[in-house]
Amino acid sequence: NFLHDKHVISKIIGAVSPTKDDHILEIGPGFGAITEQLAQSGARLNCIELDTDLEASLKTKYLNYKYFKIL
């Protein structure tokens, strides 16, 4: 299952409270439900995604974010 409940996503982001000074490792970003808000925070964001199709999609979607990287 992939996370899609906006209420749960908001609670997670609120708990993490990402800032530009953070370096975050997201394991299994899937379709990027949490990734978007993490990337917008300006934090250095590294993601590990094993599904190559999802990896390619994430690289395209977040290409313009300066500190986004798929590992």
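Structure: see above.
Residues numbered from 1 in each chain as written. Predicted model: local features only at pLDDT ≥ 70, side-chain atom pairs only at ≥ 80, totals over all residues. Heavy atoms only, no water.

**Focus on helix H1 (residues 6-16)**
Capping the start of H1, Asp 5 holds a side-chain oxygen 2.8 Å from the backbone nitrogen of His 7, two or three residues further along. Looking one or two residues beyond H1, the residue adopting positive phi is Ser 17, at roughly 50°. (Polar contact = N/O pair within 3.5 Å; in protein donor to acceptor, adjacent residues only side chain to side chain. Helix = DSSP H or I, 4+ residues; strand = E, 2+ residues; numbered from the N terminus.)

**What to know about the pattern of salt bridges**
Overall, the coordinates contain one salt bridge when judged by the stated rule. The partner of Lys 59 in a salt bridge is Glu 55, with the nearest N and O atoms 3.2 Å apart. A residue pair is termed a helical-turn pair when its members lie 3 or 4 positions apart in one helix, as Lys 59 and Glu 55 do in helix H3 (residues 52-61) at four residues. We classify Lys 59 as partly exposed; its relative accessible area is 43%. (Salt bridge = Lys/Arg side-chain N within 4 Å of Asp/Glu carboxyl O. Buried < 20%, exposed > 50% of the residue type's maximum accessible area, 1.4 Å probe, protein only.)

**Quick word on the packing of aromatic side chains**
On inspection of all chains with the given rule, the structure shows three aromatic pairs. Relative to Phe 31, the ring of Phe 2 has its centre 4.7 Å away and its plane inclined at 50°; by these criteria the two rings are tilted. One end of the pair, Phe 2, is in the segment before H1; the other, Phe 31, is in the loop between strand E1 (23-27) and helix H2 (35-40), and 29 residues separate them in sequence. The exposure class assigned to Phe 2 is partly exposed, which follows from its relative accessible area of 46%. Under the relative-accessibility criterion, Phe 31 is labelled exposed at 54%. Between Tyr 62 and Phe 68 the ring centres are 5.1 Å apart and the planes differ by 45°, which places this aromatic pair in the tilted class. The exposure class of Phe 68 is buried, given its relative accessible area of 14%. (Phe/Tyr/Trp six-rings, centres within 6.5 Å; stacked < 30°, edge-to-face > 60°.)

**A word on the nonpolar core**
Judged by nonpolar contacts, the single largest core of 13 residues is most densely connected at Leu 38, Leu 45 and Phe 68. Elements that contribute at least two residues to this core include exactly H1, H2, strand E2 (44-48) and strand E3 (68-70). (Core = buried A, V, L, I, M, F, W, Y, C linked by side-chain atoms within 4.5 Å.)

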